[in-house]
Amino acid sequence: MTQLEQARKGIVTPEMEKVARKEGIPVDRLGEKVASGKVVLPRSRQRDLPRPCGIGEGLRTKVNANLGTSPVCSRVEEELEKLSTALEAGADTVMDLSTGPNLKECRGAILENSPVPVGTVPIYEAAVRAQEQHGAVVKMSVEDIFKVIEEQAQEGVDFMTVHCGVTLTALERLQKEGRVMGIVSRGGAILAGWMLFHGRENPLYQEFDRLLHIARKFDVTLSLGDGLRPGALADATDRAQIQELILLGELVERAWKAGVQVMVEGPGHVPLNQIEANIRLQKRICHGAPFYVLGPLVTDVAAGYDHIAAAIGGALAAACGADFLCYVTPAEHLGLPRKEDVREGVIAARIAAHAADLAKGIRGAWERDEAMCRARQELDWERQVELSLDPRKARQYREELNLPEATTCSMCGEFCALKLVREFLNFKSK
């Protein structure tokens, strides 16, 4: 049985116990959320998972980090270094998006070394194989696609992005409306190209029951990809995006009926004034299924700082109900991320997630901020470092300043003022 099916029967799994303990909520309440489909526990039955996590309603907002080789950079060792960096920075999950020649080796190494859930996009590998074997991506067969999906499931992948909502009808709407950026999703573009070349419907949609059978067999959580997500503010919330979302809402119900855990992926570039509407629309159409967003980025002109643009959008999106943030690194739109870019992307997304958790009243969020305030009041520097979202950087700044423990250097004078007030009170008491 899948986690979803066990939850419906009132069975408490080891993963539910671990997640409930970490979230600080009763395990029976977590079980009810899983049973309703409003929380997913991505966990393949094919491998041990030391650090499972829950994603969804009432839980801490989670952060994903993308890794993987490419045709121009295919060193598995480098991706393992990025994995270590992402985990140290606090990523809750990772995704292997490899498209390089050794993508299977890379996935195997990440699965072996990752204590957190690992996700993939199977259509990437299917496309790479088709290029190698047939000389063109569009020449892959339906069997080629499902073979890759089943192989990755057997290897122990915990969740998969599958672009089931890119249908012929949605493509027709996209062509009629026109976009500045067209299709920016790699998986969406691969499937759209295949559909137009063959004049056939998307096999992931047409044979969705086959996909569900594989997912249920290995308890793989399906992440319904947004193949028609906007890649520019000008394209946000258009007919193609909404058409795909409506279809994904229908597929959510089919997945639940089959006993398969499912979440829904959301838009990439959305102006601030449209984010709340996007989140509420998704939650309504997709019946409260967990929502996984890339950013969203709130401006198109933050090259080199897109992790900040994404954190701004991610904070608002999560405060409005998004459950899962995919990090964006400073290298987004410019090139492949370095190890330090991975760190900055994860930390920026975690800041956004925590800010949203404060707004949503998630258990533990306010307590952490209050503890930080008390540590500042007491000038307890070590405690402040421990409570920060990036203790390494906080400690680095403190050590570089090389100040005595009882002093501070703050441009706003906050700590100096606290110190003066304390000294004045001590003087009065004498």
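Up top you'll find the structure we're talking about.
In this text the structure is predicted, and so the values were computed from the model without any measurement.

## Notes on empty space enclosed by the protein
So, point 1. All chains considered together, the criterion is met by 5 cavities of 30 Å³ or more.
So, point 2. Of the voids in this model, the largest cavity is the one considered here, and its volume is about 100 Å³.
So, point 3. Forming the boundary of the largest cavity are Asp226, Arg229, Gln241, Glu244, Leu245, Leu248, Glu265, Gly266, Pro267, Asn278 and Phe291.
So, point 4. With 4 residues, the top contributor of residues to the lining of the largest cavity is helix α12 (residues 239-257).
So, point 5. For the lining of the largest cavity, the residue count by class is 4 nonpolar, 3 polar and 4 charged.
So, point 6. Empty space within the second largest cavity amounts to approximately 60 Å³.
So, point 7. Forming the walls of the second largest cavity are Asp96, Leu97, Ser98, Leu103, Arg107, Thr120, Val121, Tyr124, Glu125 and Gln152.
So, point 8. Mapped by element, the contributors of at least two residues to the lining of the second largest cavity are α5 (103-113) and α6 (122-134).
So, point 9. For the lining of the second largest cavity, the residue count by class is 4 nonpolar, 3 polar and 3 charged.

## Topic: the side chain of Glu244
So, point 1. Locating Glu244 in the fold gives a position in helix α12.
So, point 2. For the buried Glu244, no salt bridge is present, and the opposite-charge side chain at shortest range is Arg179, 6.6 Å distant.
So, point 3. Among the polar contacts made by the side chain of Glu244, one reaches the main-chain amide nitrogen of Leu228 at a distance of 3.0 Å.

## Quick look at the pairing of strand β9 (residues 291-294)
So, point 1. Where burial is concerned, the two faces of β9 agree: the one with Phe291 and Val293 and the one with Tyr292 and Leu294 are both buried.
So, point 2. The pairing of strand β8 (residues 262-265) with β9 spans 2 bridges and is parallel. Bridge assignment links Glu265 to a residue of β9, and that residue is Tyr292.
So, point 3. Assessed by its sense of winding, the connection that carries the chain from β8 through helix α13 (residues 272-285) to β9 is right-handed.
So, point 4. Pairing analysis gives 3 bridges linking β9 to strand β10 (residues 324-326), with the strands arranged parallel. Paired with Tyr292 across the strands is Phe324, a residue of β10.
So, point 5. For the segment spanning β9, helix α14 (residues 306-319) and β10, crossover handedness is right-handed.

## Here's the deal with the pairing of β8
So, point 1. The alternating pattern of β8 places Val262 and Val264 on one face and Met263 and Glu265 on the opposite face, and all of these are buried.
So, point 2. Direction of pairing for strand β7 (residues 221-224) relative to β8: parallel, over a ladder of 3 bridges. Note on β8: the bridge partner recorded for Leu224 is Val264.
So, point 3. Each parallel crossover has a hand, and for β7 linked through α12 to β8 it is right-handed.

What counts and what doesn't
- Residues numbered from 1 in each chain as written.
- Predicted model: local features only at pLDDT ≥ 70, side-chain atom pairs only at ≥ 80, totals over all residues.
- Heavy atoms only, no water.
- 1 Å grid on protein atoms, 1.4 Å probe; cavity = no way out; pocket = protein on both sides within 12 Å on 5 of 7 lines; lining within 4 Å.
- Points joined across faces, edges and corners; volume = space filled by probe spheres on them.
- Helix = DSSP H or I, 4+ residues; strand = E, 2+ residues; numbered from the N terminus.
- Nonpolar A, V, L, I, M, F, W, Y, C, P; charged D, E, K, R; others polar.
- Buried < 20%, exposed > 50% of the residue type's maximum accessible area, 1.4 Å probe, protein only.
- Lys, Arg positive; Asp, Glu negative; His and termini not counted.
- Salt bridge = Lys/Arg side-chain N within 4 Å of Asp/Glu carboxyl O.
- Polar contact = N/O pair within 3.5 Å; in protein donor to acceptor, adjacent residues only side chain to side chain.
- Pairing = 2+ DSSP bridges.
- Right-handed = clockwise from strand over helix to strand, strands pointing away.

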